[in-house]
Amino acid sequence: MEIKYKDWTIRKIAAGDKEAALAFIIPMLHEVYPNIPDVAVRWDLSHMEEAYMLADNTAMFAAFDQTGKVVGTIAIRPYDDRLDKVKGCYDVPRTAELSRCYIDSSLRRQGIAGRLLAVMEDYCRSVGYTAICLHTHRFLPGGYPFWLSQQFIIRELGNDPLDTVYMDKSL
């Protein structure tokens, strides 16, 4: 599936897109989490095919500009009930965990994230998910208000602005 817009195209990444996706995601991680030196050392990033390409219920979508450069990403995998703050809150086999939603800082507030999310939600429905959960932080640029604007509800919110915010949405 490929969806073309005026200045960019959204498609599910394939093995040939892995390096372009990583070339976008890793600098984004360092930008939004500057105080975590090993922030880009994550299983899903070193095993992208296994994490997002092989199973039918996993995916990463990317927005590509007209030159083929990745300018935004979003991913889902099955939620595994590993997060203590929301353990037992979800129908695990039917809940997707959303992650890796990043937009090039020079292109934020242009609708890319909303379109990536819409494509992801359609994909989630097509593979049998009935809910999407995510966790974010209030200090991330635009993330928390964006998720609220997309009808995600707060499941758990701590008092400290650095606390993780757990959110979800029924499909």
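Residues numbered from 1 in each chain as written. Predicted model: local features only at pLDDT ≥ 70, side-chain atom pairs only at ≥ 80, totals over all residues. Heavy atoms only, no water.

A. The arrangement of the overall build of the protein in detail. Summing up its helical and strand segments, the protein has five helices and eight strands in all. Reading the secondary structure of the protein in the N-to-C direction produces β-β-α-α-α-β-β-β-α-β-α-β-β. Radius of gyration (C-alpha) of the protein: 15 Å, near the 16 Å computed for a compact globule of 171 residues. When the backbone C-alpha atoms are referred to their principal axes, the protein occupies close to 40 × 35 × 30 Å. Scored against the burial criterion, the 171 residues of the protein give a buried share of 44%. In the protein, once contacts between residues fewer than 6 apart in sequence are set aside, the share between residues at least 24 apart is 63%. Looking at the protein as shown, the accessible area adds up to about 8,800 Å², and 51% of this sits on carbon and sulfur atoms. (Helix = DSSP H or I, 4+ residues; strand = E, 2+ residues; numbered from the N terminus. Rg over C-alpha atoms; globule rule 2.2 N^0.38 Å. Buried < 20%, exposed > 50% of the residue type's maximum accessible area, 1.4 Å probe, protein only. Contact = heavy atoms within 4.5 Å. Areas by Shrake-Rupley, 256 points an atom, 1.4 Å probe, with all protein chains shown as cover.)

B. Representation of the nonpolar core in the model. Of all hydrophobic cores here, the largest spans 28 residues; its most connected members are F61, I74, I76, L98, L116 and W147. At the level of elements, β2 (8–12), β3 (59–65), β4 (70–78), β5 (95–103), α4 (112–126), β6 (131–137), α5 (143–149) and β8 (164–170) are the ones that each hand at least two residues to this core. In terms of residue count, α4 provides more of this core than any other element does, eight residues in total. Setting aside its immediate chain neighbours within four residues, L98 contacts I74, A75, I76, L117, I132, C133, L134 and W147. Counting residues in hydrophobic clusters, the runner-up holds 23 residues, among them I13, L22, L45 and M60. (Core = buried A, V, L, I, M, F, W, Y, C linked by side-chain atoms within 4.5 Å.)

C. Focus on the pairing of β6. The buried fraction of β6 amounts to six of the seven residues, a majority that puts the element mostly inside the structure. In terms of strand pairing, β5 meets β6 through three bridges, oriented parallel. Residue pairing for β6: T95 is matched across the bridge by A131. Read as a crossover between parallel neighbours, the route from β5 over α4 to β6 is right-handed. Across seven bridges, β6 lies against β8 in antiparallel orientation. (Pairing = 2+ DSSP bridges. Right-handed = clockwise from strand over helix to strand, strands pointing away.)

D. Region of interest: the packing of aromatic side chains. Overall, the coordinates contain four aromatic pairs when judged by the stated rule. Taking the centre distance of 5.2 Å and the plane angle of 75 degrees together, the rings of W147 and F152 count as edge-to-face. For the residue pair W147 and F152, the accessibility class agrees, reading buried in each case. A connected cluster of aromatic rings, assembled from ring pairs, spans F146, W147 and F152. The residue whose ring lies beneath R11 is F64, and the NZ or CZ to ring-centre distance is 3.8 Å. (Phe/Tyr/Trp six-rings, centres within 6.5 Å; stacked < 30°, edge-to-face > 60°. Lys NZ or Arg CZ within 6 Å of the ring centre and 35° of its normal.)

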